[in-house]
Amino acid sequence: MHHHTPRTLLSQPMAAEETDDPVSALPPVHRASTIFLPTLARLKSADWRDRSRPPYGRDGSRAAYELETKLARIEGARQALLVSSGLAAYSLTCMALLAPGDIVAIPTNGYGTAQQMLRHVFRRFGIGIVLYDPMAPDTWNEAIPSSARLLWVEAPGSVTMEVPDLRRLAGWADERGCIAAIDNTYSAGMHLRAFELGFHVSVQALTKLQSGGADVVMGSVASVREDISRSLSETRHFLGMHVSPDDIYLVLRGLPTLSLRYTASTEASLRLAQWFSERKEVAAVMHPAFAGSKGHENWKQYFTASTGLFSIAFGAFVPTTKIEAFLGALTLFHFGFSWGGPTSLVMFYGKDSACAQQLENSRPGAGCIARFWLGLEDSADLAADVFNAWSSAFEA
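This section reports on the structure supplied with the text. (Residues numbered from 1 in each chain as written. Predicted model: local features only at pLDDT ≥ 70, side-chain atom pairs only at ≥ 80, totals over all residues. Heavy atoms only, no water.)

**Points about the state of the cysteines**
Here is the rule we go by: Cysteine sulfur pairs qualify as disulfides if the two atoms are within 2.5 Å. For the exposure calls, accessible area comes from a 1.4 Å probe over protein chains only, and a residue counts as buried if that area is under 20% of its type's maximum, exposed if over 50%, partly exposed in between.
All told, the structure shown has zero disulfides when counted by the stated rule. Not part of a disulfide, C94 finds its nearest cysteine sulfur in C178, a span of 11 Å. By relative accessible area, C178 is classed as buried at 4%.

**Details of the pattern of salt bridges**
Think of it this way: side chains of opposite charge can pair up when their charged atoms draw near. The line we're drawing: Definition used for salt bridges: Asp or Glu carboxyl oxygen within 4 Å of a side-chain nitrogen of Lys or Arg. Secondary structure follows DSSP: runs of H or I at least 4 residues long count as helices, runs of E at least 2 residues long count as strands, and numbering of each begins at the N terminus.
Tallying each qualifying case throughout the model produces ten salt bridges. In this structure, the salt-bridge partner of E66 is R62, at a minimum N-O distance of 2.9 Å. Of this pair, E66 and R62 both sit in helix α3 (residues 62-75), four residues apart, which is roughly one turn of the helix. For D227, the salt bridge is made with R225, and the minimal N-O distance between the two is 2.8 Å.

**Description of helix α15 (residues 379-394)**
Residues spaced three or four apart along an α-helix point in a common direction, a consequence of the helix completing one turn every 3.6 residues. Basically, it comes down to this: Each helix should span, by expectation, one fewer than its residue count multiplied by 1.5 Å. In this description, one arc is meant: the one made by directions from the helix axis to the C-beta atoms. Note on definitions: a residue-residue contact is assigned when non-hydrogen atoms from the two residues lie within 4.5 Å. Under this definition, polar contacts are N or O atom pairs within 3.5 Å; protein pairs additionally need one hydrogen-donor-capable and one acceptor-capable atom, and for neighbouring residues in sequence, both atoms have to be side-chain atoms.
If you check α15, its first and last C-alpha atoms are 22 Å apart, about what 16 residues at 1.5 Å a residue would give, namely 22 Å. By the burial criterion, the buried members of α15 are L382, A383, D385, V386, A389, W390, A393 and F394. The buried residues of α15 all sit within an arc of 155° when viewed along its axis, so they share a single face. On the buried face of α15, the contacting elements are α11 (266-277), β8 (282-286), β9 (309-315) and α13 (320-329). The backbone nitrogen of A380 lies 3.0 Å from a side-chain oxygen of the residue at the head of α15, namely D378.

**A short note on the packing of aromatic side chains**
Heads up, the rule is: Aromatic contacts are taken between Phe, Tyr and Trp rings whose centres are within 6.5 Å, Trp giving its six-membered ring; a plane angle under 30 degrees counts as stacked, one over 60 as edge-to-face, and the others as tilted. Two conditions define a charge located above a ring, namely a distance within 6 Å from the ring centre to NZ of Lys or CZ of Arg, and an angle within 35 degrees of the ring normal.
Evaluated as defined, the whole model comprises 22 aromatic pairs. Measuring from centroid to centroid gives 5.6 Å for F333 and F372, while their planes differ by 90°, and the two rings are edge-to-face. Placement of F333 in the loop between α13 and β10 (334-335) and of F372 in strand β12 (residues 366-373) is noted, with a sequence separation of 39 residues between them. Grouping residues by exposure puts F333 and F372 together as buried. Through a chain of ring-to-ring contacts, three or more aromatic side chains come together here, namely W275, F276, F310, F314, F326, F333, F372, F387, W390 and F394. Stacked on the ring of W275, the Lys or Arg R279 has its end atom at 4.2 Å from the ring centre.

**Some points on the environment of T34**
Tracing the backbone through its elements, the reader meets T34 in the loop between α1 (6-11) and α2 (40-44). Residue T34 is classed as exposed on the basis of its relative accessible area of 52%.

**Concerning the packing of helix α4 (residues 86-97) against helix α5 (residues 112-120)**
The relative placement of two packed helices comes down to the angle between their axes together with the axis-to-axis distance. The cut-off we apply is this: Where helices are involved, their axes are fitted lines through C-alpha atoms of the stretch in contact, as for all axes, and angles between N-to-C directions lie from 0 to 180°. Working definition: roughly parallel below 35 degrees, roughly antiparallel above 145 degrees, roughly perpendicular at 65 to 115 degrees, and oblique for all remaining angles. Here a crossing is called left-handed whenever its near helix is offset anticlockwise from the far helix by less than a right angle, and right-handed whenever the offset is clockwise. Each residue gets one label: Ala, Val, Leu, Ile, Met, Phe, Trp, Tyr, Cys and Pro are nonpolar, Asp, Glu, Lys and Arg are charged, and the others, such as Gly, are polar.
Interhelical geometry of α4 versus α5 gives an angle of 40° and a closest axis separation of 10 Å. Classified by the interaxial angle, the pair formed by α4 and α5 is oblique. Note on packing geometry: the crossing formed by α4 with α5 is right-handed. Together, L87, Y90, S91 and C94 of α4 and T113, A114, M117 and L118 of α5 make up the contact between the two elements. Residue composition of the contact of α4 with α5, by class: six nonpolar, two polar and no charged.

**Digging into the side chain of Q210**
By the element assignment, Q210 lies in the loop between β6 (201-205) and β7 (219-223). One polar contact links the side chain of Q210 to the main-chain carbonyl oxygen of A188, over a distance of 3.5 Å.

It is worth stressing that arrangement in space is one thing and function is another; only the former is reported here.
Structure, rendered in structure tokens:
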């Protein structure tokens, strides 16, 4: 049997035999709390676990089933579950898999809000939290207790964009009976085969690339293990987690163009990365596909593509006022959280930020960080915007 590529899966509707509804490019949106069950026998056999025929609106819809099925097939998972955000994907995973006394290991370069969530919420329930450096394998045994229950990985790192040796990390966890979970948002589940590398759980913020319109907040959790999948599903159900069918429709509408949008700004981002690397004010360029970036060889080994997200670190000697003047002079890059949408964005992290301090430990002399997302604007216009802003701040 031929296995279709993610690009084909993204564009095809569910097969006719998989649904009782008429087949179209996109499924209908059913806004419902009560779902009428046609017979008493159907009522008596109703089971929330049957995701293809949910008995109540909170349990899903045809659109939810289609999106979850597509996400699972693209990642090669047993199942994928929708949640309200990428952060909710982290919290669901931790609630489903951890118990009082368990230890969770989180990477130093991971999603900062997830780290805060673990410290501020899960620590209250008796969960132990340790930090480890994913780029330093020689330190893992010392940093992570052998009794750790859950190991989180993010690739590339959230701001500093390092790519660790993913197969080695997943294998290290598996040897110790530790569940390995990865934030696979950067690859959109298409360009990193996380489960083939040994990971047990994959979470994504569908807010970013799958949505593509910067108008939806949503996340997903996928797994290949039956026991983990069952625990995730039960925990989501009994916590009453629900995603709006209208939001699901918007993500489904964005999927057919995902593979095109993913690489639309790759070349432009690499040209800008090269340009920044030649500026004396820049201490480091952090782009997984850019030679010289930390973990670049791992990116080449494990990923099949890169997108238009990268960061630069300014030298610690560069006055913050000049950096802020450069960023403030940009007209096409807007200040804003998240990335993956049609509009270019830039984020600023000062010297006192956790990611800048962590980078300075491994790259002495690095200071403030700027993270760029290249949207769907003309690449020549974006480059000109950067050049002009740089000139006004540093060459005036």
